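Survey of secondary and tertiary structure
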Amino acid sequence: MTVDTPEYLVGQADAIINSWAVRRVADSAAYLAPALEPHMKILDVGCGPGSITIDLARHVPRGHVTGVDTDAASETLAKARAQAAQEGVTNVEFAVADAFTLPFADGTFDAVHAHQVIQYVDDPVRFLREMRRVAKPGGVIAVRTWDLGLFTFHPSTAAPINRMIDVMVRTFRETGREPYTGRNLHVWAREAGFDPAKVKLSSSNETYHSAEEKRFWGHLAKNFSVKSAVAKVALSKGFITKEELDEVEEAFGHWVSDEDGWFIQVNMELLAYV
Ligand SMILES: C[S@@+](CC[C@H](N)C(=O)[O-])C[C@H]1O[C@@H](n2cnc3c(N)ncnc32)[C@H](O)[C@@H]1O
């Protein structure tokens, strides 16, 4: 990956990936859960640390789940395998595969899931088309993503953080990604060949207000802001200076301990049936 043409705008910093490993079906794929049946075969695209993947496997005790991620994430996949073994979940496997060239035959899976991945790809319609290809007739595609236009840090201590969000919007656009991702899901699904009558949209929020919640989110969002490839690209393009990035880091410290501080993130969810 070069700074000018990053394949994946987050990068693989442990500090960021480890924060995702707390995710489960209940908090990240509740919109899909009612559609799951015990025998189902599921593909989890861009599974990262695999905590959702492993939990999906618990939801399909007579079925099977495959989590895939890119070659760059192979160490993360190794940890996901170890985690599954530690939790005694045996109907799950992890493999390296690119979302655009999934190494599976047409119509292989009952459900094809991707959590917080589509915002990072430069061709979301092709991404959805490839998910659709590997789903069985009657199968379901489930995609959940944030939308950078619907991130709100409050109050004024968060001003440098909100400015960083604007920098991220520019950086996503500069590298061919759509930062207002969530609001486009149904449009991309139609362009990818899904019947609009078989598409269901929903949304769910993440709210961080208690001291513990703010510590968790402040840590994740700070690392995402200053340690990800987004920050490197933004610096290289002159969208932000090193000094301003230091201010953003400092602002996270103030925001976490500001008793009025809170953050809300709106996530959009797409269920599309083949
Ligand atoms: C924000 S993480 C989400 C991880 C996991 N789904 C979760 O929610 O905990 C995005 C993941 O998508 C993966 N990813 C990005 N582009 C990909 C691609 N083209 N093919 C497969 N995985 C990809 C990244 O490596 C990363 O692990």
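Residues numbered from 1 in each chain as written. Predicted model: local features only at pLDDT ≥ 70, side-chain atom pairs only at ≥ 80, totals over all residues. Heavy atoms only, no water.

Details of the UniProt feature "domain: Methyltransferase" (unreviewed entry) in the protein chain
When the UniProt feature table is mapped onto this chain numbering, "domain: Methyltransferase" (unreviewed entry) sits at residues 37-147. Along residues 37-147 the backbone is 30% helical and 32% strand, and the end-to-end C-alpha distance reaches 30 Å. (UniProt positions renumbered as here; feature names shortened; annotations may be inferred. Helix = DSSP H or I, 4+ residues; strand = E, 2+ residues; numbered from the N terminus.)

A closer look at helix 4 (residues 74-87)
The terminal C-alpha atoms of helix 4 lie 20 Å apart, and with 14 residues this matches the ideal 20 Å at 1.5 Å per residue to within 8%. At the C-terminal side of helix 4, G88 shows a positive phi close to 70 degrees. (Expected span 1.5 Å × (residues − 1).)

Looking at the packing of helix 6 (residues 159-174) against helix 10 (residues 242-257)
Where helix 6 contacts helix 10, the two axes come as close as 7 Å, and the packing angle between them is 130 degrees. One way to sum up the angle between helix 6 and helix 10 is to call them oblique. Classified by chirality, the crossing of helix 10 by helix 6 is left-handed. Contact with helix 6, carried on its side by P160, I161, R163 and M164, involves L245, E247, V248, A251, F252 and W255 of helix 10 and no other residues of that element. (Axes fitted to C-alpha atoms, helices over the stretch in contact; angles between N-to-C directions. Parallel < 35°, antiparallel > 145°, perpendicular 65-115°, else oblique. Left-handed = near helix turned anticlockwise from the far one by under 90°. Contact = heavy atoms within 4.5 Å.)

Section: the packing of aromatic side chains
Throughout the structure, instances matching the rule amount to 14 aromatic pairs. Taking the centre distance of 6.0 Å and the plane angle of 45 degrees together, the rings of Y120 and F172 count as tilted. Of this pair, Y120 sits in the loop between strand 4 (109-115) and helix 5 (124-133) while F172 sits in helix 6, placing them 52 residues apart in sequence. Given the relative accessible area of 6%, Y120 is considered buried. Of the residues examined, F172 reaches a relative accessible area of 0% and is grouped as buried. Ring geometry for F153 against F263: centres 4.2 Å apart, planes inclined by 35 degrees, an arrangement best described as tilted. (Phe/Tyr/Trp six-rings, centres within 6.5 Å; stacked < 30°, edge-to-face > 60°. Buried < 20%, exposed > 50% of the residue type's maximum accessible area, 1.4 Å probe, protein only.)

Things to note about the pairing of strand 2 (residues 64-69)
By the criterion of burial, strand 2 is predominantly enclosed, with 5 of the 6 residues buried. Looking at chain direction, strand 1 (residues 41-45) and strand 2 are connected through 5 bridges and run parallel. Bridge pairing links V45 to V68 in strand 2. Tracing the backbone out of strand 1, into helix 3 (residues 51-59) and back to the parallel element strand 2 gives a crossover that is right-handed. Regarding the hand of the β-α-β motif, the stretch spanning strand 2, helix 4 and strand 3 (residues 92-96) is right-handed. (Pairing = 2+ DSSP bridges. Right-handed = clockwise from strand over helix to strand, strands pointing away.)

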